[in-house]
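# Coordinate analysis (summary)
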Amino acid sequence: METDKTLSESSLSAAPPPGKTGESSLLWAGRLAEKPEAEAFAFQASIHIDRRLVFEDIEGSRSHVMMLGKQGIIPAETAGLLDGELARIAEELAAGKLDIDGEAEDIHSFIEALLTRRLGDAGRMVHAGRSRNDQVALDFRLYLKRALASIRDEIAETLRVLLDLAEAHTETVMPGYTHLQRAQPVTLGHWICAWASGLERDSSRLADALKRLDECPLGSGALAGSALPLDREETARSLGFARPTLNSMDSVADRDFALELAADFAIIATHLSRFCEDIVIWASEEFGFIDLAESWSTGSSIMPQKKNPDFAELIRGKQARTAGNLMTLLSLLKGLPYAYDKDLQEDKEALFDSLDTVKSCLRMFRGMMGSARFDAGRMAAACSGGFLEATDAAEYLVRKGMPFRKAHETAALIVRDCIDSGQKRIGDRSLEQLKGRSALFENDIYRALEPINCVRARSLPGGPAPAEVRRQIGILRGRM
Ligand code: ARG
């Protein structure tokens, strides 16, 4: 399928000369004797962006002409002729036998001009009861419905990679952090399930957006519908929409669906940026928890020893685009008078960029994670030395009847004792020493404070215990 060619395709020098500006496809030349100059024409043209909607535009036109035929607005044979020619145009485009004219004003003008060139008066019938205002809203919605499904597939594929990893690491103990300070032992499986939970919400957010996206604006005309007996139910049905939109002015003015998706995409990119920040930290020499594949790393042009996590950093950086695009759309819509305004033409570039960005980030993140190796030894070693077992020591005392605040203080004093005597773990203290702080300590404290046992003991729903993480993985798999 045609994706947007570069801007240079419609760059000013490529625009048609004054007077001859896109004459073949100008839809509004009747009223205006003077044509814009080439530079001005190129400024207001959108073909370099909306060419991406070409197949949706054709599909919408096919549905529209068949409905016009059924309703007797155009002769049934003409409808059939137009439908057949539109199908042929789609085939030729798909086969690379037809190029989109980069000098047309937009994709709608291009297709209509082409039909007219090929079919004469029949081509001139296609736009009855329609405006580019409802046409572009239709094309955009149709395109986004598909794009949304493909992003949900990418998320599902990414979740599969993450959940396989989580499954392999339900017993791989590592420190969990708050304030980036060692907090309590968790497992890599538990951590990856935390990431996966966010991505799963992203997918359900997109499914939710689909409900509002799934309405057909065709038949809304420029803003006020049409006096022709169009069948909006019929076109909505034939294009696979749940229903026609409710109000014709809203239909051409509304870009909430784009705004909502821009927000959803920005949230996905925000999630990925956080996952990648974890990876960048883990990949540092100081942590050494993860070893990214060489093919998913880059070197330095000057420092011969370097192996940098550029992919993780760039995915983290790409979030900025998606946040910017969301801001672009919010600003675009703010204070915009009803119904359609040309400002709205700016909507597609921003959203397409977020769409492409999120898609490639998901794919890159997946490839990077699927090929990474984890150093279980480094992660386990990082669990001893930071007193990550202190909370478990306090809860040990609570289980033996001590009030929590007292248990917290007792464990804190033991940590100070350790620090004062150069001991790295609570378990390094003798039972006598521990009993000096509380008579409730018994020999079972040593087993209880092993990191893997701390993790196993935290088996509440949501917790890091291996069996519980396996349950979380099962639930996330079920929701995919
Ligand atoms: N290229 C326009 C857009 O993307 C299509 C609609 C143009 N309508 C108009 N009245 N100028 O919004």
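Structural notes, computed from the coordinates. (Residues numbered from 1 in each chain as written. Predicted model: local features only at pLDDT ≥ 70, side-chain atom pairs only at ≥ 80, totals over all residues. Heavy atoms only, no water.)

## Description of helix H11 (residues 310-333)
With 24 residues, H11 extends 36 Å from end C-alpha to end C-alpha; this agrees with the ideal 34 Å at 1.5 Å per step. Looking at the buried positions of H11, the neighbouring elements they touch are helix H10 (256-282) and helix H12 (347-370). Count one or two residues on from H11 and you reach glycine 335, which has phi positive near 70°. (Helix = DSSP H or I, 4+ residues; strand = E, 2+ residues; numbered from the N terminus. Expected span 1.5 Å × (residues − 1). Contact = heavy atoms within 4.5 Å.)

## Some thoughts on a nonpolar patch on the surface
Taken together, the side chains of Leu223, Met249 and Tyr338 present a nonpolar region at the surface, about 310 Å² in accessible area. Residue position: tyrosine 338 is located in the loop between H11 and H12. Note on tyrosine 338: relative accessible area 62%, which makes it exposed. (Patch = residues over 30% accessible without salt bridge, like charges linked within 9 Å, V, L, I, M, F, W, Y side chains within 5 Å. Areas by Shrake-Rupley, 256 points an atom, 1.4 Å probe, with all protein chains shown as cover. Salt bridge = Lys/Arg side-chain N within 4 Å of Asp/Glu carboxyl O. Buried < 20%, exposed > 50% of the residue type's maximum accessible area, 1.4 Å probe, protein only.)

## Things to note about the pattern of salt bridges
For the structure on display, the rule yields 38 salt bridges. Of the charged contacts in the structure, one is a salt bridge between arginine 255 and aspartate 347, with a shortest N-O distance of 2.6 Å. In this pair, arginine 255 sits in the loop between helix H9 (248-253) and H10 while aspartate 347 sits in helix H12, placing the two residues 92 residues apart along the sequence. Each member of the pair, arginine 255 as well as aspartate 347, carries the same accessibility label: buried. Residue glutamate 277 is joined to arginine 316 by a salt bridge in which the shortest nitrogen-to-oxygen separation is 2.5 Å. A residue pair is termed long-range when its members are at least 10 positions apart, and glutamate 277 in helix H10 and arginine 316 in helix H11 qualify at 39 residues. On the basis of relative accessibility, which here comes to 31%, the residue glutamate 277 falls in the partly exposed class. Overall, the relative accessible area of 30% leaves arginine 316 in the partly exposed class. It is possible to trace a salt-bridge network through shared partners that takes in Glu85, Arg88, Glu92 and Arg118.

## A few points about the nonpolar core
In terms of nonpolar packing, the biggest core is built from 67 residues, with Trp195, Trp282 and Phe365 touching the most fellow members. Sorting the residues of this core by element identifies helix H6 (132-168), helix H7 (188-213), H10, H11, H12 and helix H19 (466-479) as the ones contributing at least two each. Sort the elements by how many residues they give to this core and H10 lands first, with 15 residues. Sequence-distant contacts of tryptophan 195, that is, excluding residues within four places in its chain, are made with Leu162, Phe275, Asp278, Ile279, Trp282, Phe365 and Met369. In terms of nonpolar packing, the next biggest core, distinct from the first, is built from 25 residues, Val54, Ala79, Ala104 and Leu114 among them. (Core = buried A, V, L, I, M, F, W, Y, C linked by side-chain atoms within 4.5 Å.)

## Some thoughts on the pairing of strand E2 (residues 181-187)
Taken residue by residue, a regular strand's side chains alternate between the two faces of the sheet. In this sheet, E2 lies alongside strand E1 (residues 173-178) in antiparallel orientation, the contact comprising six bridges. Residue pairing for E2: methionine 174 is matched across the bridge by valine 186. Remark: two residues form the turn of the hairpin made by E1 and E2, two consecutive strands paired antiparallel; histidine 179 in that turn has positive phi of roughly 60°. (Pairing = 2+ DSSP bridges.)

## Description of the packing of helix H3 (residues 54-70) against H6
Axis separation between H3 and H6 bottoms out at 9 Å; the angle between their running directions is 120°. With respect to each other, H3 and H6 are oriented oblique. As for the relative orientation of H3 and H6, their crossing is right-handed in sense. Contacts between H3 and H6 involve Glu56, Asp57, Glu59, Gly60 and Ser61 on the former and, on the latter, Gln135, Leu138, Asp139, Leu142, Tyr143 and Arg146. Grouping the amino acids of the contact of H3 with H6 by side-chain chemistry returns three nonpolar, three polar and five charged. (Axes fitted to C-alpha atoms, helices over the stretch in contact; angles between N-to-C directions. Parallel < 35°, antiparallel > 145°, perpendicular 65-115°, else oblique. Left-handed = near helix turned anticlockwise from the far one by under 90°. Nonpolar A, V, L, I, M, F, W, Y, C, P; charged D, E, K, R; others polar.)

## Some words on the packing of H11 against H12
Taken N-terminus to C-terminus, the directions of H11 and H12 make an angle of 160°; their axes are 9 Å apart at the nearest point. Between H11 and H12, the angle is such that the two are roughly antiparallel. The element H11 and its partner H12 pack so that their crossing is left-handed. In this structure, H11 uses Phe311, Ala312, Ile315, Lys318, Arg321, Thr322, Asn325, Thr328, Leu329 and Leu332 to contact H12, whose residues at the interface are Asp347, Ala350, Leu351, Asp353, Ser354, Thr357, Val358, Cys361, Met364, Phe365 and Met368. Partitioning the contact of H11 with H12 into residue classes produces 12 nonpolar, five polar and four charged.

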